[in-house]
Structures are given as structure tokens and as C-alpha cells.
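As a plain string of letters, each chain reads:
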Amino acid sequence: MRFQTIADLDVSGKRVFVRVDFNVPLGAERRVVDDTRIRAAVPTIEELSRRGARVVLVSHLGRPKKGPSDELRLKPCAARLAELLKRPVAALDECVGPAVDAALAAMKSGDVVLLENVRFHPEEEAGDAAFAAKLRNGAELYVNDAFGTAHRAHASVTGVASLLPHEARAAGRLMEAELRALARLRADVKRPFVAVLGGAKVSDKIEVVDQLLDQVDALLIGGGMAFTFLAAQGRRIGRSLCEKEKLAVASAALAKAAARKVRLLLPVDHVAAASFEATAAPQPIDGVDLPDGVLGLDVGPKTIALFRNEIAAAKTVVWNGPLGVFEWPAFARGSKEIAEAIASTTKSGAATVVGGGDSVAVIEQFGLQGRFTHVSTGGGAFLEALEGKTLPGVAVLEIS
Ligand code: 3PG
Ligand code: MG
């Protein structure tokens, strides 16, 4: 697809509406615990400000259902952004209304303002056109740098964009990087192409599995979702996670892999436990089948070796989802070693693309930042893009 970038816009002196995704985790005293998404938007904000734009930032935070709530105000994000930009960022208490109008009217070239959480208004998620017009508030240009929210057809995502002519819309630098990384996975992919999927639920990933089976040479499945596939093969999975209503789709995926000669690899050994607890004693299981009474919480060493082999030979790797319960040290080894294997293959020249909040957490936990070709800021948006869906927030940027 073709889209404009901020390089194509004449932003000097203009009011620029910039959708960012500052939906970040807040901890005690409402401090930003993980500022990855804020840092990722800095290049766009810095560049627009340097080029003399009046930068109006718009984001959601969490899923407020009953209007404004103090826990979900964006002030902490503005504070973190100001530290990163080394310049003041005004955090407004509203996203529409007379106080916002006055604050925006007082902005000078280069100023950066963050509006309050757009989801305090239910019209945002409803994609309400009248609300979008208020949000636009006279902005002459629209920039979307919120890849993480591009799968939502909300007022601040698609609504505002649609009010401006195509030549006034552009992808920010982060959106651009995300879209280019995804495009590279579709066009002229270097082979072997290996996908690694993990995480708890098959239902979250089944469409991705189906889509990836059309593209990859090997699909490596670990994490909780692997057990539904093992059960579909008639294996014994003990008390491991199993989505019974997904057994048929798991069987269909196995059959599709066989028909297309895709190597679909499942765990061949495990680290199990008698209960789902951080302190549960890890029990190595040297085989595919699990005895009754235990549940698999990580992949075992043979699986790690098997997966590492595939990853080492790959020229393209896409990874989403942890291989075990990485938050608990006794069950973290699979996720750690597979993340390290993917990082090493980047070093040998493979293109490695990672997405999803849990995979990003694995990278952070084991200090592997900067060792992948691209780490997406998208969770749901990344998965939907991999599924081959058109993201509404991206579609509005498309030019012919
Ligand atoms: C996300 O974190 O997935 C995005 O910020 C979108 O948020 P949502 O899932 O609440 O729409
Ligand atoms: Mg989400």
C-alpha cells in the first residue's frame, strides 16, 4: 500500500492532530511502568515540533466505561513525554470543549499539547462523526502514529482522518516503521521463513495460524496453546490448558500444514507442575505425553533444541507469544532461550519481527532490547495485521 509520511507534509505553523498510542501500564502512584510506546512516538513528535508544527497529541488510556476517572488521566504520560523530549508538554484536562479551544488557540509553533483520554467520551469508541469534528478542532493536518490502535475504527483514529483530504493525512515515523516491517513479511520474504507462536489461548491465535500456514516454511508452537494441538493429535496432556471447542480447528490446521508441507512443530518434552503456581515444583517430562494430574508450564530442553535448530537456519522469523509461564523463574527457560535464539539469528542477518505485549515483556525481562529487526508496539493490531486483515486506521492513510 502507498501512504504519505510526515516528510510529505508542510507542517510549519500548522495545527497538526497526532493520534498516538499512550495506552501504557501505570503502576503505584500512577507512574509509567513501561514507557516503550511513549518512546516510540518521540521521533514523530520531535520532528513535527522541530519543523514548526503546533502538535496536538491525542490518545486513549485503558478502557474507561463510565466517563472520566482519575486513574485513567493521561497526565503521567505527558510528564514522561516531557522528560523524553526535554521540553514542556501541557496535559489538558479535557479533549474537547472551551478550555481545549483556548489552550490550542494559545499554542505557538513547536508547542506540544496532550489532550485528555479520548475514551472518557463514549462517542470515541462509537466512532461518532460529530465528536470527531469536535476533536479535530480546526486541525489542518492529521498524523497517525498509533499503530497499536490501528485496528480500532474509533473517532480519533478513522473519524478525524476522514474529515481531512487525503493529502492532509500521513503516517508518523513509528506507523511507517511498523507498516514497512509488516510489508516486508509479505513481499520478497527471505526463506526459510519460520514463525514462532506461543501464549495461552488457541482462540486468540487460530486465524494467525491459518494465515501463517500459507506463508511459512515452519511453524513452531509452544506455550499453553500447544496443548490443544497435542490433544487434537490424541496425545495425553494431563491437566494442561485445552480449548475443547477448538480441537477441530487445531486438527484442521495440522492437516493444512501436512498438505502444504509446512513443518508444524509442537513440544516434544515439557516442564510441568502439579499446580498453576509460581512456587510449584518444576517437573521435567521427557516426552510428548503428560501424566494425569500435572500441567505443562514450559517447553523442555529437547523442544528448545528442536526450535533453536529451525530458528538458526531461518532467514525470516516472526514471533508472537511466550513459550511458557516466563513470569515465574522455574518456567521461564523456554521463552528466554527461544528469544535469545531469535536475537542471535538477527545477528546472522535474518529479518526478525516480534509483536505482542507478552513477547515484548520477555525481551525486556531478559535484556534483549535492540536485538531484533523490528519489535512492534502493537498487540491486537499486530495480530490482526498478521492475520492479513486491513486495519481501519491504516486504510484511511492509503493513497492511490
Ligand atoms: C492496545 O493496547 O491493544 C491498544 O492500545 C488498543 O487498546 P484496546 O485494546 O483497549 O482497544
Ligand atoms: Mg488491546
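Residues numbered from 1 in each chain as written. Chains lettered and ligands numbered in written order. Predicted model: local features only at pLDDT ≥ 70, side-chain atom pairs only at ≥ 80, totals over all residues. Heavy atoms only, no water.

(A) View of the sheet that holds strand β5 (residues 112-114). A sheet is described by the order of its strands in space; here 6 strands give the open sequence β4-β5-β3-β2-β6-β7, paired in parallel fashion. The sheet terminates laterally at β4 (90-91) and β7 (169-171), the two strands that pair on one side only. Both strand β2 (residues 15-19) and strand β3 (residues 54-58) contribute to a ladder of 5 bridges, which runs parallel. Bridge pairing in β3 places Val 18 opposite Leu 57. The strands touched by helix α1 (residues 36-50) are β2, β3, β5 and β6 (141-144); relative to β3, the strand with the most contacts, the crossing angle is about 155°. In the packing of helix α6 (residues 155-163) onto the sheet, contacts are made with β2, β3, β6 and β7, and the angle to β6 comes to roughly 145°. (Pairing = 2+ DSSP bridges. Helix = DSSP H or I, 4+ residues; strand = E, 2+ residues; numbered from the N terminus. Contact = heavy atoms within 4.5 Å. Axes fitted to C-alpha atoms, helices over the stretch in contact; angles between N-to-C directions.)

(B) Representation of the packing of helix α11 (residues 301-313) against helix α12 (residues 333-347) in the model. Look at α11 against α12: their axes get within 9 Å of each other, and the N-to-C directions meet at 15°. Compared by their axis directions, α11 and α12 come out roughly parallel. For the pair α11 and α12, the sense of crossing is right-handed. Of the residues in α12, those touching α11 at Pro 301, Ile 304, Phe 307, Arg 308, Ile 311 and Ala 312 are Arg 333, Gly 334, Glu 337, Ile 338, Ala 341, Ile 342 and Thr 345. In terms of residue class, the contact of α11 with α12 is built from 8 nonpolar, 2 polar and 3 charged. (Parallel < 35°, antiparallel > 145°, perpendicular 65-115°, else oblique. Left-handed = near helix turned anticlockwise from the far one by under 90°. Nonpolar A, V, L, I, M, F, W, Y, C, P; charged D, E, K, R; others polar.)

(C) Quick look at the site of ligand 1. The local shell around ligand 1 consists of Asp 21, Asn 23, Arg 37, His 60, Arg 63, Arg 119, Gly 148, Thr 149 and Arg 152. Interatomic distance of 2.7 Å between a side-chain N/O atom of Arg 63 and an oxygen atom of ligand 1. Within the side chain of Arg 119, an N or O atom sits 2.8 Å from an oxygen atom of ligand 1. If ligand 1 stood free it would expose 310 Å²; the protein chains cover 85% of that surface. For the shell around ligand 1, the residue count by class is no nonpolar, 4 polar and 5 charged. (Near = heavy atom within 4 Å. Polar contact = N/O pair within 3.5 Å; in protein donor to acceptor, adjacent residues only side chain to side chain. Areas by Shrake-Rupley, 256 points an atom, 1.4 Å probe, with all protein chains shown as cover.)

(D) The arrangement of the packing of aromatic side chains in detail. Following the criterion strictly, the structure yields 3 aromatic pairs and no others. Note on Phe 17 and Tyr 142: the rings are 5.7 Å apart at their centroids and 20° apart in plane angle, and the pair reads as stacked. Of this pair, Phe 17 sits in strand β2 while Tyr 142 sits in strand β6, and the two are 125 residues apart along the sequence. A single burial state applies to Phe 17 and to Tyr 142, both of which are buried. Measuring from centroid to centroid gives 6.5 Å for Trp 328 and Phe 331, while their planes differ by 65°, and the two rings are edge-to-face. (Phe/Tyr/Trp six-rings, centres within 6.5 Å; stacked < 30°, edge-to-face > 60°. Buried < 20%, exposed > 50% of the residue type's maximum accessible area, 1.4 Å probe, protein only.)

(E) Local environment of the layout of surface pockets. There is about 810 Å³ of room inside the largest pocket. Looking at the largest pocket, it is lined by 35 residues, and the ones nearest its centre are Arg 37, Val 360, Ser 376, Thr 377 and Gly 378. For the lining of the largest pocket, the elements supplying multiple residues, two or more each, are α1, α13 (357-365) and β16 (374-375). In terms of residue class, the lining of the largest pocket is built from 8 nonpolar, 18 polar and 9 charged. (1 Å grid on protein atoms, 1.4 Å probe; cavity = no way out; pocket = protein on both sides within 12 Å on 5 of 7 lines; lining within 4 Å. Points joined across faces, edges and corners; volume = space filled by probe spheres on them.)

(F) Examining the sheet that holds strand β13 (residues 295-299) more closely. Pairing within the open sheet is antiparallel, and its 3 strands lie in the order β12-β11-β13. A strand with exactly one partner marks an edge of an open sheet, and here the two such strands are β12 (283-285) and β13. With direction set aside, neighbouring strand axes in the sheet form an average angle of 40°. In this structure, strand β11 (residues 270-273) lies alongside β13, joined through 4 bridges in antiparallel fashion. What sits directly across from Val 271, in β13, is Asp 298.

(G) Summary view of the pattern of salt bridges. The final tally for this structure, using the stated rule, is 29 salt bridges. With a shortest N-O distance of 3.6 Å, Arg 19 and Glu 124 are connected by a salt bridge. Remark: Glu 124 occurs in helix α4 (residues 122-126) and Arg 19 occurs in strand β2; sequence separation between them is 105 residues. Among the charged side chains, a salt-bridge network with shared partners connects Glu 47, Arg 51, Arg 173, Glu 176 and Arg 180. (Salt bridge = Lys/Arg side-chain N within 4 Å of Asp/Glu carboxyl O.)

(H) Representation of the nonpolar core within the structure. In terms of nonpolar packing, the biggest core is built from 102 residues, with Phe 22, Leu 57, Leu 81, Leu 115, Leu 219 and Phe 229 touching the most fellow members. When residues no more than four places from it in sequence are discounted, the contact partners of Phe 229 are Val 202, Ile 206, Val 209, Ile 221, Ala 250, Ala 253, Leu 254 and Leu 266. Ala 218, Ile 304, Phe 307 and Ala 332 belong to the second largest nonpolar core, which has 25 residues in total. (Core = buried A, V, L, I, M, F, W, Y, C linked by side-chain atoms within 4.5 Å.)

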